[in-house]
Amino acid sequence: MQFRILGLVEVQDEQTGLRVLPTGAKQRALLAALVVKAGHNVSVQRLIDELWGEHPPANAANALQLHVARLRRLLSGLEAHDVAPHTPRAPRARHTPQPWIVTTSRGYTLRQAPVETDATRFQHLAEQARRVLPTDPAQAGELLRWALSLWRGPALEGSVLGDICAARAAQLEEQRLSALEMMYDAYLRTGRHGEITGELVELTTDHPMRERFYDLLMVAFYRCGRQAEALGVYERARNRLVRELGVEPGPALRGLMEAILHHDPALVTTADPRPPAPLAADPARVEPESAQGYGTAGDPALPLVEEMARLHRRIERLQQEQNQLMCRFNELTASGTDRVTAGP
């Protein structure tokens, strides 16, 4: 059985492929918190805080017990599918599974062994890729593609009600972005710069404070013979950082801009541009899934992608202007109402 938290929280029976999504936000948040803290006791009070925050119900402990009981039934129902059916020659073996959720004197614990999550697989693949990147960037890129294909949406989607899940979701999102940075670095090292400019344009739009994506995009543009666009990326990054944070780009981005201006030979890749050989089997024993925008692959329609990215930025600016106008309209409306109320 596998607990999946890279997207909506769900439980999967890996033998049958059966997946169960807990019903209700509280049920999902409880499962997510116990999975995040697997093997460790989570106190009743902390789980109450996780599910209800500053506004718990009057009978919060009883309500928590009810959610735990429902979750136990869900997990035991999945585990029942693991029992091999009997045959006339082989009677059904007795199967007394250990409870997944253990009650302790202070709270509840999700038993650690054999708890496995898609997040653990993702981290394992990313670490493998990190180790081989200096010597085999093609293999590193393939490993990272597998790792990112495990993402079905934002980590712990629909379950972030309290601090336990919020902290873990933020940590996993940072790891996802780092894996994306490493994957595109691997692609640049293998001469695949022409395939990734559109994807990097989107990433700089979606994560405008993350300098590494600008860095990778500048190199990709430069290697495509688009020096002016590479320098334009730097200006866009600088304007955004100065406007939003009041800081200049870091030394790495500034150094890259200087290297592009002076046509530094080190910017030209010397790696073998051949595509990586496909892996014989997924090292994480999973089939690739649709990442829904969370694990990107090459897109041959680069001009169209870039145009879409430019339209996306334009829409963002229009939405910001609309919000400013609405705020101003509300202020004027409120002040007019106050004058009417204060009149004779």
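Worth saying up front: this structure is predicted, and the values here are computed from it rather than measured. (Residues numbered from 1 in each chain as written. Predicted model: local features only at pLDDT ≥ 70, side-chain atom pairs only at ≥ 80, totals over all residues. Heavy atoms only, no water.)

**Considerations on helix α7 (residues 193-206)**
Owing to its 3.6 residues per turn, the α-helix aligns residues three or four sequence positions apart on the same side.
Point 1. Here α7 contains 14 residues, and its C-alpha end-to-end distance of 20 Å stays within 8% of the 20 Å for a straight helix at 1.5 Å per residue.
Point 2. When the local axis directions of α7 are compared, the greatest deviation, roughly 30°, occurs at Glu 199.
Point 3. In terms of residue burial, α7 counts as a mostly covered element, since 10 of its 14 residues are buried. (Helix = DSSP H or I, 4+ residues; strand = E, 2+ residues; numbered from the N terminus. Expected span 1.5 Å × (residues − 1). Bend = angle between axes of the 7 residues up to and from the residue. Buried < 20%, exposed > 50% of the residue type's maximum accessible area, 1.4 Å probe, protein only.)

**Some remarks on the packing of helix α8 (residues 211-223) against helix α10 (residues 251-261)**
When two helices pack together, their arrangement is given by the angle between the helix axes and by the axis-to-axis distance.
Point 1. With their axes 10 Å apart at the nearest point, α8 and α10 run at an angle of 10° to one another. Looking at the two axes, α8 sits roughly parallel to α10. Every residue of α10 that contacts α8 at Glu 211, Tyr 214, Asp 215, Met 218, Val 219 and Tyr 222 is listed here: Ala 252, Leu 253, Leu 256, Met 257 and Ile 260.
Point 2. Taken together, the residues that form the contact of α8 with α10 break down as 9 nonpolar, no polar and 2 charged. (Axes fitted to C-alpha atoms, helices over the stretch in contact; angles between N-to-C directions. Parallel < 35°, antiparallel > 145°, perpendicular 65-115°, else oblique. Contact = heavy atoms within 4.5 Å. Nonpolar A, V, L, I, M, F, W, Y, C, P; charged D, E, K, R; others polar.)

**Comments concerning the sheet that holds strand β2 (residues 10-12)**
Point 1. Spatially, β1-β2-β3 is the arrangement adopted by the 3 strands of the open sheet, whose pairing is antiparallel. Here the strands that pair on one side only, and so sit at the sheet edges, are β1 (2-4) and β3 (19-20).
Point 2. Sheet topology places β1 next to β2; 3 bridges connect them, and they run antiparallel. Residue Gln 2 lies in a different strand from β2, and its bridge partner there is Gln 12. (Pairing = 2+ DSSP bridges.)

**Comments concerning the confidence of the model for the protein chain**
Point 1. For the protein chain, mean pLDDT is 81; residues scoring 70 or higher make up 70% of the total.
Point 2. In the predicted structure, residues 286-303 sits below a pLDDT of 50 and forms 36 contacts with residues beyond four places in sequence or in another chain.
Point 3. Across residues 337-341 the pLDDT falls below 50, and counting only partners more than four positions away or on other chains, this stretch makes 0 contacts in the model. (pLDDT = per-residue confidence, 0-100.)

**Observations concerning the pairing of strand β6 (residues 107-110)**
Point 1. In terms of strand pairing, strand β4 (residues 42-43) meets β6 through 2 bridges, oriented antiparallel. Within β6, the position partnered with Ser 43 by the bridge is Gly 107.
Point 2. Relative to β6, strand β5 (residues 101-103) is paired through 3 bridges, and the arrangement is antiparallel. Looking at the pairing, Thr 103 lines up with Tyr 108 of β6.
Point 3. A loop of 3 residues connects β5 with β6, the two strands running antiparallel in sequence.

**Let's talk about the packing of aromatic side chains**
Point 1. This structure, assessed with the given rule, holds 3 aromatic pairs.
Point 2. Judged by centre distance (5.4 Å) and plane angle (80°), the ring pair of Phe 3 and Trp 100 falls under edge-to-face. Here Phe 3 is found in strand β1, whereas its partner Trp 100 is found in the loop between α3 (60-79) and β5, with 97 residues between them in sequence. Side by side, Phe 3 and Trp 100 carry an identical accessibility label, which is buried.
Point 3. On the numbers, 6.0 Å between centres and 85° between planes, the contact of Tyr 184 with Tyr 187 is edge-to-face. Note that Tyr 184 and Tyr 187 are positioned in helix α6 (residues 163-189) at a spacing of 3 residues, about one turn of the helix.
Point 4. Exposure remark for Tyr 187: the relative accessible area of 5% places this residue in the buried category.
Point 5. Against the face of Trp 100 rests Arg 111, its NZ or CZ located 4.0 Å from the ring centre. (Phe/Tyr/Trp six-rings, centres within 6.5 Å; stacked < 30°, edge-to-face > 60°. Lys NZ or Arg CZ within 6 Å of the ring centre and 35° of its normal.)

**Concerning the packing of helix α5 (residues 137-149) against α6**
Point 1. Axis separation between α5 and α6 bottoms out at 8 Å; the angle between their running directions is 145°. Taken as a pair, α5 and α6 cross one another with a handedness that is left-handed. Counted together, Pro 137, Ala 140, Gly 141, Leu 144, Arg 145 and Leu 148 of α5 and Arg 176, Ala 179, Leu 180, Met 182, Met 183, Ala 186, Tyr 187 and Arg 189 of α6 form the full contact between these two elements.
Point 2. When its residues are assigned to classes, the contact of α5 with α6 shows 10 nonpolar, 1 polar and 3 charged. (Left-handed = near helix turned anticlockwise from the far one by under 90°.)

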